[in-house]
Amino acid sequence: MKITTETINYIAKLAKLRFNEDEAETFAKEFEGILDHFQNLDKEDLNIEGLATTTEGQSVLRKDEIKPFENKKELFQNVKGMRESYLSIPKVIE
């Protein structure tokens, strides 16, 4: 798949980034290599069916179980702000 510097500049604009022409050309080549790799993966028969089962066909994944977490202090040790029992976060609206 051909990636142009115009495509790179458009993506950079969406991400609020700026690249000079040399950087844009470098990124275009790198993106082409990444997309070519994905196209090669599409051609391969990866046989991903059955990865979560044993040879007998039984699931090796555990069941989801609800377990209460007793140590709330340890759970919220890295939280910057708490209001009652809720996390307090800053606004993220521009």
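Described in the following lines is the structure provided in the data block. Please read these numbers as outputs of a predicted model, since none were measured by experiment. (Residues numbered from 1 in each chain as written. Predicted model: local features only at pLDDT ≥ 70, side-chain atom pairs only at ≥ 80, totals over all residues. Heavy atoms only, no water.)

Regarding its fold elements, the protein presents three helices and two strands. Starting at the N terminus and walking to the C terminus, you meet the elements of the protein as α-α-α-β-β. By residue count, 9% of the 94 residues in the protein fall in the buried class. Residue pairs at least 24 apart in sequence account for 29% of intrachain contacts in the protein once pairs closer than 6 positions are excluded. Put simply, the protein shows about 9700 Å² of open surface, and 54% of that area lies on carbon and sulfur atoms. (Helix = DSSP H or I, 4+ residues; strand = E, 2+ residues; numbered from the N terminus. Buried < 20%, exposed > 50% of the residue type's maximum accessible area, 1.4 Å probe, protein only. Contact = heavy atoms within 4.5 Å. Areas by Shrake-Rupley, 256 points an atom, 1.4 Å probe, with all protein chains shown as cover.)

Here the phi dihedral of Lys-16 falls at roughly 60°; this positive angle occurs in a residue that is not glycine. Locating Lys-16 in the fold gives a position in the loop between helix 1 (5-14) and helix 2 (21-43). A residue is classified by how much of its surface remains accessible, and Lys-16, at 65% relative accessible area, is exposed.

Before going further, it helps to examine the pattern of salt bridges. The full count for this structure, using the stated rule, is one salt bridge. Here Glu-32 and Lys-2 are joined by a salt bridge, their closest N and O atoms 3.6 Å apart. On the criterion of sequence distance, the pair formed by Glu-32 in helix 2 and Lys-2 in the segment before helix 1 is long-range, its members being 30 residues apart. (Salt bridge = Lys/Arg side-chain N within 4 Å of Asp/Glu carboxyl O.)

On the surface, Glu-6, Glu-21, Asp-22, Glu-23 and Glu-25 cluster together into a negatively charged patch. The element contributing the most residues to the negative patch is helix 2, with four residues. Residue placement: Asp-22 occurs in helix 2. Given a relative accessible area of 59%, Asp-22 falls into the exposed group. (Patch = residues over 30% accessible without salt bridge, like charges linked within 9 Å, V, L, I, M, F, W, Y side chains within 5 Å. Lys, Arg positive; Asp, Glu negative; His and termini not counted. Charge placed at Lys NZ, Arg CZ, Asp CG, Glu CD.)

This brings us to the packing of aromatic side chains. Centre distance and the angle of the planes are the two values used to describe a pair of aromatic rings. Within this structure, the stated rule accounts for two aromatic pairs. Between the aromatic rings of Phe-19 and Phe-27, the centroid separation amounts to 4.6 Å while the plane-to-plane angle is 50°, which identifies the pairing as tilted. Of the residues examined, Phe-27 reaches a relative accessible area of 29% and is grouped as partly exposed. (Phe/Tyr/Trp six-rings, centres within 6.5 Å; stacked < 30°, edge-to-face > 60°.)

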